[in-house]
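# Observations on the three-dimensional arrangement
Listed here are the chains, written in short residue letters.
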Amino acid sequence: MSLDWQPKIVGFTCNWCSYAGADLAGTSRMSYPASVRIIRVPCSGRINPVFVIRAFQRGADGVLVAGCHPGDCHYSTGNMYARRRFLIARRFMEYLGMDPARLEIHWISASEGQKFQEVIKNMTDRIHAMGPNRKMREIL
Amino acid sequence: MNDLREQLKEAVASAFSQGRVRSFVCLERGFYPFATMPAILHSGSDADRVEIGLADAPLLAKYLLDMPKPAGIVVRSCDALGVSRLIRDRRVKREDLYIISISCPGVVDTAKIPMSMHRITALEKAGDALIVHTALGPTELPWSSVLLDRCLACVSGAASTDADVVLDDGRGKPPAPVDYSEIDEVEHMAPDERYAMWEKEFAKCIRCFACRNACPACSCRKCSLDLPEPEWLSRAVILPEQFMFHFTRAYHVAGRCVGCGECERACPVGLPLMKLNRKFTRDIETLFGVDDARIPRDVEVLGTFLPDDPEEFC
Ligand code: SF4
Ligand code: SF4
Ligand code: SF4
């Protein structure tokens, strides 16, 4: 590991809240680590847990799943299904031996640019300390 | 037991004679005289072949998919869950089925009999014991020590009541107590140790998909795994893809798995697939307050939510 190793974080963000939150962080010129690669999805309910495995396979060191706060979903209930799904999927990944700290799930609204900034900062710091992910990875 | 078999034969024959079925799936004598294999009958005159299945009896629900309808099936309660799964997944219609349910004292797993299959001439259940007959004389083994794993977690050996004919001789296995200790064991391992264990297991998988084929909850006609150019899972049998496959398989049946254990029995390399399925089952029960998640319901656990589901994300 070279000294300037930076973690790669794949961030799945929903179009209506979390992506807009990230956008707000950007337009407000809040700086956050460039470690995150955002993938915009229509709704957190669109995020198949298999996406997360795929991200780890292809070299992610951490994955962020972000959606609207429960009750605020643009499609009214998509995030509620996502919550159920990730409650069990996250436990299952842990059961397979993944470190649960590599997968974070947050509710970030369109006005929470600052929260987005903090989440990315904290996650980057934590994963930086943990080092690169080697589990389930295709290319080591 | 034999009475039950006679009753069953009669019930199957009359299903044909009354014109209720065009085909019937049941068990018949297998390669070894004491084991059984599936048989699809097309006429009442075949009813003599019907066996109850004392040992190694496979479950039959999945065969319904391709049988001419109306189709008959004989089920024990674990198989009835599989049938109910197929009905709820809209793979078969209840009105196209003629179900005969039987009570079941448990099914012997011949792999648990500590002697070579070739030496066994006959098996017999006597009270709480299995009598293994060989050329050298009989040996007695405790009944519970030789049962299939699925029977050790049996929902109930009584004949299921959602059936057209219910044959219950009162000797069904009582429901097994809930026991998730094998899941606890894995959970108590260190993450790296766990990962190494699964790596070792998954490395054995030859991706034959027998686990999927045997599963009553995995019944899509077109499975993404069969596409000539699969998007989700490459054909490469490499470790990261094994994790992908096993996550996908287990997650696809999460909340719908009936716990029949046919996946694990079908696996030619002995992967402990129930350790994956039952992790989901247990988490679903504890997180969402579901009482016995193996039982198919009208609303899927993952197809719904409650506003006050546990909130651990922030
Ligand atoms: S699980 Fe229950 S019903 Fe099924 S074979 Fe075993 S004892 Fe019989
Ligand atoms: S996953 Fe295995 S135990 Fe569950 S329903 Fe399918 S075959 Fe049965
Ligand atoms: S049956 Fe066993 S070897 Fe075949 S794909 Fe399933 S787990 Fe792999």
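A quick note: this is a predicted structure, and the numbers were derived from the prediction, not measured.

Looking now at the overall build of chain B. Scanning chain B from N- to C-terminus turns up 9 helices and 8 strands. The C-alpha radius of gyration of chain B comes to 20 Å, within 12% of the 20 Å expected for a compact globule of 314 residues. Dimensions of chain B, computed from C-alpha atoms along their principal axes, come out at roughly 60 × 50 × 40 Å. Taken over 314 residues, chain B has a buried fraction of 54%.

Residues and elements named next belong to chain A. Sheet architecture is open: 4 strands sit in the order 2-1-3-4, paired in parallel fashion. Lying at the two open borders of the sheet, with one neighbouring strand each, are strand 2 (36-41) and strand 4 (103-107). Each adjacent strand pair in this sheet contributes to an overall mean axis angle of 20 degrees, direction not counted. Both strand 3 (residues 62-67) and strand 4 contribute to a ladder of 5 bridges, which runs parallel. Pairing of Ala 66 across the sheet is with His 106, part of strand 4.

Here we come to the side chain of Asp 283 of chain B. As for its position among the elements, Asp 283 of chain B is in helix 9 (residues 273-288). Discounting residues that sit within four places of it in the chain, Asp 283 of chain B has contacts with Ile 88 and Arg 91 of chain A together with Phe 288 of chain B.

Attention shifts here to the domain arrangement of chain B. All names here are of chain B. One can read the domain layout of chain B as domain 1 (2-109 + 152-167), domain 2 (113-146) and domain 3 (181-303). Spacing between the C-alpha centres of domain 1 and domain 3 amounts to 26 Å. Every contact between the two is made by 17 residues of domain 1 and, on the other side, 23 residues of domain 3. Taking both sides of the interface into account, the surface hidden between domain 1 and domain 3 amounts to around 1,600 Å²; carbon and sulfur atoms contribute 48%. For the pair domain 1 and domain 3, the interface holds 4 salt bridges. Of the charged contacts, one joins Arg 221 and Asp 66 as a salt bridge, the two residues approaching to 3.0 Å between their closest N and O atoms. There are 15 residue pairs in polar contact (both at pLDDT 80 or more) connecting domain 1 and domain 3. Residue composition of the side of domain 1 that touches domain 3, grouped by class: 8 nonpolar, 2 polar and 7 charged.

As a further point, take the site of ligand 1. Residues and elements named next belong to chain B. Near ligand 1, the surroundings consist of Arg 76, Ser 77, Cys 78, Cys 104, Gly 106, Val 107, Arg 150, Cys 151, Cys 154 and Lys 173. At the level of elements, helix 2 (77-88) and helix 3 (149-152) are the ones that each hand at least two residues to the shell around ligand 1. Of the residues belonging to the shell around ligand 1, the class tally is 5 nonpolar, 2 polar and 3 charged.

Okay, helix 9 of chain B next. Residue and element names in this part refer to chain B. Taking 1.5 Å per residue, 16 residues should reach 22 Å; helix 9 reaches 23 Å between its end C-alpha atoms and fits that length. When you tally the buried positions in helix 9, you get 14 out of 16 residues, the bulk of the element. Downstream of helix 9 by a residue or two, Gly 289 has a phi angle that is positive, lying close to 60 degrees.

Residues and elements named next belong to chain A. Residues of helix 1 (residues 18-27) that are buried: Ser 18, Gly 21, Ala 22 and Ala 25. The buried residues of helix 1 occupy an angular sector of 100 degrees when projected down its axis, which confines them to one face. Where helix 1 is buried, its residues touch strand 1 (9-14), strand 2, strand 3 and helix 4 (113-130). Taken from the residues just after helix 1, Arg 29 is the one with a positive phi, measuring 60 degrees.

Another aspect to go through is the interface of chain B and chain A. Listed as interface residues are 44 residues of chain B and, on the opposing side, 35 residues of chain A. Summing the contributions of chain B and of chain A, the shared interface buries around 3,700 Å²; its carbon and sulfur component is 67%. Together, Phe 247, Phe 305 and Phe 313 of chain B form the three largest contributors to the area buried by chain B at its contact with chain A, with a combined 21%. Summed over the shared surface of chain B and chain A, the number is 5 salt bridges. Taking the shortest distance from any N to any O, the salt bridge between Glu 311 of chain B and Arg 83 of chain A comes out at 2.9 Å. For the interface between chain B and chain A, the tally reads 19 residue pairs in polar contact (both at pLDDT 80 or more). Elements with a contribution of two residues or more to the side of chain B that touches chain A: helix 4 (181-187), helix 5 (191-204), helix 7 (239-252) and helix 9 of chain B. Here the residues of the side of chain B that touches chain A are counted per class, giving 29 nonpolar, 3 polar and 12 charged.

Residues and elements named next belong to chain A. Tallied over the entire structure, the rule returns 1 disulfide over all chains. Bridging Cys 17 to Cys 68, the disulfide has an S-S length of 2.4 Å. Judged by the sign of its S-S torsion, about 100 degrees, the cystine formed by Cys 17 and Cys 68 is right-handed. Note that Cys 17 is positioned in the loop between strand 1 and helix 1 and Cys 68 in the loop between strand 3 and helix 3 (78-95), a separation of 51 residues in sequence.

Cut-offs applied
- Residues numbered from 1 in each chain as written.
- Chains lettered and ligands numbered in written order.
- Predicted model: local features only at pLDDT ≥ 70, side-chain atom pairs only at ≥ 80, totals over all residues.
- Heavy atoms only, no water.
- Helix = DSSP H or I, 4+ residues; strand = E, 2+ residues; numbered from the N terminus.
- Rg over C-alpha atoms; globule rule 2.2 N^0.38 Å.
- Buried < 20%, exposed > 50% of the residue type's maximum accessible area, 1.4 Å probe, protein only.
- Pairing = 2+ DSSP bridges.
- Axes fitted to C-alpha atoms, helices over the stretch in contact; angles between N-to-C directions.
- Contact = heavy atoms within 4.5 Å.
- Domains from an automatic or database assignment.
- Buried area = accessible area lost by both parts, 1.4 Å probe.
- Salt bridge = Lys/Arg side-chain N within 4 Å of Asp/Glu carboxyl O.
- Polar contact = N/O pair within 3.5 Å; in protein donor to acceptor, adjacent residues only side chain to side chain.
- Nonpolar A, V, L, I, M, F, W, Y, C, P; charged D, E, K, R; others polar.
- Near = heavy atom within 4 Å.
- Expected span 1.5 Å × (residues − 1).
- Arc of directions from axis to C-beta.
- Disulfide = S-S within 2.5 Å.

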